[in-house]
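Structural overview
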Amino acid sequence: MTLTTEHAQPTDRHTPVTGVRATARITAAARGGTTTLPVLDGDGPFELRRLRSRGTEARVCIVGAMSAPLGGDRLRIEAIAQQHSQLHITSTAATLALKGPTTAHATYDVHLTVEEHAELHWLPKPLICAAGSNLRQTWTIDLAPTARLLLREEQVLGRTGELPGHVVTRLTVRHGEHVLLDQEAEYGPGAPGWDGPAVLGHHRATGQILSVDPAFENKPPKIQVLRDAPEDGQAILTPLAGPAALVTAVAPDGLRLRHLMNTVHSTHRRPATADHTLAEGPPPEAPPGIPANL
């Protein structure tokens, strides 16, 4: 980890840009019929903890060691699932983006690599963009043709009773030699139309679940829309042009968002096995006004 001061170009040219530069690295390898973790290297705000394995799957938890990301921070996580390995990554708590001491934006980059016949689950807690924060978050994912991926990302715009921060997200997924998904979204003050009816409207939480599995080549999921009550959020399941499915949802808050996404995702679990779930424990209870069984 490094703490740097750069004379970059913030709004006031005489105000230096300060921030933490940190990169955490995780590597999973298949050895002796199980998955080991030859590289587990935390840095800066990222403390990495090895959890108890489940079967042949290695599990890692990201623990926040300091407040981050703040304005000016440059944070990065790199995870590699080598051939035939199984890696599950989660976090202990939500990530809270804050304003920080500078007007410069923060960056939070995640780079995931999944090799042949390997599997990676990226299932952290939500990102909360507090008032005044300015974050640019990217996911860059490289998948081998036989790789499997389960990725969940959630953004909550503002804490309870406060205005949202500003966030720009970019998700790029390459499957073999082809681009499977490349999308960018921008929310919060300064983003054109972000709170209009074509984007979030009155909702303040949004997220998606991406499932990539070779089994979808022969049995792709069908399009499904979940919109029981518009005020409680909406979700849609869409098959992608490849062995993948994308669940996208918007909701008033993080609890309803998670419930919507888990409900839709449960309808298209991997054809080859029933143990392709998102739960870290018991599923969340349905909020008031949302049926428990949809």
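Just above, that's the structure.
Since the model is a prediction, treat every value here as computed from it, not as a measurement.

The rules behind each value
- All chains use their own residue numbering, which begins from 1 and follows the written sequence.
- Local features in this predicted model are restricted to residues whose pLDDT is 70 or higher, and side-chain atom pairs enter the listing and the counts only when it is 80 or higher, whereas totals over whole chains, interfaces and linings include all residues.
- Side-chain metrics in this entry use all non-hydrogen atoms of the structure; hydrogen atoms and water are not considered.
- The secondary structure listing takes helices from DSSP runs of H or I that are at least 4 residues long and strands from runs of E that are at least 2 residues long, numbered from the N terminus.
- Here, two residues are considered to be in contact whenever any of their heavy atoms come within 4.5 Å of each other.

A cis amide bond links Ala68 to the next residue, Pro69, at an omega of 5°. On the secondary structure map, Pro69 appears in the loop between strand S5 (57–64) and strand S6 (74–81). Its identity as a non-glycine residue notwithstanding, His84 has a phi of 65°, on the positive side. Here His84 is to be found in the loop between S6 and strand S7 (86–91). Unusually for a residue other than glycine, His117 sits at a positive phi of about 60°. Take His117: it is sitting in the loop between strand S9 (106–114) and strand S10 (119–122).

Another aspect to go through is the environment of Val168. Positionally, Val168 belongs in strand S14 (residues 166–175). Each C-alpha atom, one on Val168 and one on Leu135, is 6.4 Å from the other, the two residues being 33 residues apart in sequence. Once residues lying within four places of it in the same chain are set aside, the contact partners of Val168 are Leu135, Arg136, Gln137, Glu184, Ala185 and Glu186.

Just geometry here; none of it tells us what the structure is for.
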